[in-house]
Structures are given as structure tokens and as C-alpha cells.
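Commentary on secondary and tertiary structure
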Amino acid sequence: MSAPQVCHTVAEMTALREQLSAEGKTLALVPTMGALHAGHLALVARARELADVVVVSIFVNPLQFGAGEDFDRYPRTLDADVAALAGHADYVFAPAAEEVYPERVGGPAVPAQEAGSVGDTFEGASRPGHFDGVLTVVARLFDIVKPDVAVFGQKDAQQVFLVRQLIEKLGLPIELNVLETVREPDGLALSSRNRYLSEEERSAALALPHALLAVAREAQHGNAASVREVGRSVFEKYPLVRLDYLDLVDPTNFQRVSDDYQGPATVVVAAVVGTTRLIDTENLERLHA
């Protein structure tokens, strides 16, 4: 299996995109921060179904990390990532920060994106400015790569909602395709941060999928209040885990639903296991009043 061609500069990526457009080929982009796992490869496989050419971007975006977060220790494994993509992706776009944000070296400024009120809730409340950084880099990648399709994972439900809003706001001709969360056999959502977990912490991290299972069962007959209570109570059994939030949102606007809400809902949960922050999500078909 041939390894993907790696582009490191905006000029290389721009020339490639122009060539592909001249050939009439469609392009799917899978944006990542590297440290690839089976979940990422599932996104790449979906991208392969949707376009002629697949580009995987690998860029650890400094703008989405706050003070005291894990930017410096976030795993950077480009050689292994490129090897893992052999036979799956056609190209890897792995730019330096100066390519993505040229103002750092005296170049033109990149327009900053703002996530708005939704970006200040849940992950945004715990990580101020996080989603402004996410949307800024996503908009930049869209501008450079100019994909026809972008593939994201449902695990980052709030991110997916905001990226969809970004595409609409900017009027971009990009199809957003969202893939269900890929999980380990015991239910833990795949994440590049899972490698931080000790064996004991890895077991404790099952609090997240166990809570989602409890929520799904309760949602068959309970209302939003009982669903929240049942989900949060699961974490009482896991002393190594500190629950940040577990809540229910309306998928059409990502607003927290009232106790008497009826209709589909998205569960969002975040917790810290040891020193590692993990998130997860689940879609519920219907809540009862």
C-alpha cells in the first residue's frame, strides 16, 4: 500500500487543489490533530466513499488550547500517522503553525472566527475560547484545501454543531458529513487522549459510556430531569472520575432542554479521569414530558 503524499505548505496544497479541480476530481477533507487511531481511519474510510480524493490534515492547533491545557504534551506522531494512512488517504496536509497563521511571521492576518453564545456553553464554559480557536482553524483549512466534503466525528457534538453553523454563515459549498462515534469493544469512545490513561484510569473512564447507556434506558420512559439524574448518578460509583457536566440539549439549537421538553435530544458529557479530560455524546430519539 502506497503512503499518502505529504504537503507541508499552503503553496503546495493550493497547487494540488488547482490540479485536482482541473481534472474534475472531488475532494474530501478529514481534519485531525494527528495521533491517529481507528476512529480517525473510520472517518477516512467514509471520506473515501464520498469523493475522488481524500486529504487528511494533521495540525495541532494552538488556538484551541487554553492556559494549563495539554498543548505541549499533546501527542505528535506524524511519521506513524502517515504510515497508518497508507492505502487509505491520498494526501496529508501537515503545515507548520506559521503556514496556518501567517501573521506570526509578519504575513497577512487570518480572520478570527467567533463561536457565539453556543461556544460559551458546555466545553466552551470549561475551556474559554476553545471553540473560537476550533472555528478559526477549520475556516482556515476550508479556505486552503477547498474541500467538497468535510468529514467529522459525532463524539465532538458541540464542535459539529458549530462547524455546521460556520459553513452556513460563510456560505461555503461544503457538505458536512458526520460519522457515528467509534468505540472500543467495552464502549469507551476512541480518543487520542486515551493514551494518557493508566490501566486503573482506563477502567474508570468507562463511567462515560456506562452513563450514556443508563441515560438511553431512562429516556425510554423518563423525562429530561430523570434522565439527567440517572446519568449523573453513575459517576458516584467512580471516585477517580470528576464529572464536569452531563446534560441534554436540543440538537437544532444546542440549547439545554427544559424538564418538560418533548422530542429528540443530544446527551453531552465531559469528565476528568486522573488528569485526562474526556468527552462523549449520544443521540436520543425522544424525551417524554
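Structural data are supplied above this passage.
Residues numbered from 1 in each chain as written. Predicted model: local features only at pLDDT ≥ 70, side-chain atom pairs only at ≥ 80, totals over all residues. Heavy atoms only, no water.

**Considerations on the side chain of N194**
- With respect to the helices and strands, the residue N194 is situated in the loop between β6 (175-179) and α8 (199-204).
- Residues in contact with N194, not counting those within four places in the same chain, are L188, A189 and L278. (Helix = DSSP H or I, 4+ residues; strand = E, 2+ residues; numbered from the N terminus. Contact = heavy atoms within 4.5 Å.)

**Digging into the sheet that holds strand β4 (residues 91-93)**
- Strand order in the open sheet made by the six strands is β1-β4-β3-β2-β5-β6, with parallel pairing throughout. Bordering the open sheet on either side are β1 (5-7) and β6, each of which pairs with just one other strand. Within this sheet the neighbouring strands show an average axis-to-axis angle of 25°, counted without direction.
- By the bridge criterion, three bridges tie strand β3 (residues 53-58) to β4 in an arrangement that is parallel. Pairing of V55 across the sheet is with Y91, part of β4.
- Of the strands in this sheet, β2 (27-32), β3, β5 (149-153) and β6 touch helix α2 (residues 38-50), which is tilted by about 155° from β5.
- Of the strands in this sheet, β5 and β6 touch helix α7 (residues 157-170), which is tilted by about 170° from β6. (Pairing = 2+ DSSP bridges. Axes fitted to C-alpha atoms, helices over the stretch in contact; angles between N-to-C directions.)

**So, the packing of helix α1 (residues 10-22) against helix α6 (residues 130-145)**
- Put simply, α1 and α6 touch, their axes get as near as 8 Å, and they point 50° apart. In terms of their interaxial angle, α1 and α6 are classed as oblique. Here V10, M13 and R17 of α1 come into contact with α6, specifically with R140, I144 and V145. (Parallel < 35°, antiparallel > 145°, perpendicular 65-115°, else oblique.)

**A look at the packing of α6 against α7**
- Running from N to C, α6 and α7 point in directions that differ by 50°, and their axes come no closer than 10 Å. Between α6 and α7, the angle falls in the class oblique. Like other packed secondary-structure pairs, α6 and α7 cross with a definite hand, here right-handed. Every residue of α7 that contacts α6 at F131, V134, L135, V138, A139 and F142 is listed here: Q158, Q159, L162, V163, L166, I167 and L170. (Left-handed = near helix turned anticlockwise from the far one by under 90°.)

**Thoughts on the pairing of β3**
- Judged by how many residues are buried, β3 sits mostly within the fold: six of six residues are covered.
- Burial of the side chains of β3 extends over both faces: V53, V55 and S57 are buried on one face and V54, V56 and I58 on the other.
- The pairing of β2 with β3 spans six bridges and is parallel. From the neighbouring strand, P31 faces β3, where its bridge partner is S57.
- Between β2 and its parallel partner β3, the chain crosses via α2, and the hand of that crossover is right-handed.
- Note on the crossover from β3 through helix α3 (residues 78-84) to β4: the handedness is right-handed. (Buried < 20%, exposed > 50% of the residue type's maximum accessible area, 1.4 Å probe, protein only. Right-handed = clockwise from strand over helix to strand, strands pointing away.)

**Regarding the pairing of β2**
- With six of its six residues buried, β2 lies for the most part within the structure.
- The alternating pattern of β2 places L27, L29 and P31 and A28, V30 and T32 on opposite faces, both of which are buried.
- Pairing of β2 with β5 involves two bridges; the strand directions are parallel. Bridge pairing in β5 links L29 to A150.

Treat this as a map of the structure, not an account of what it does.
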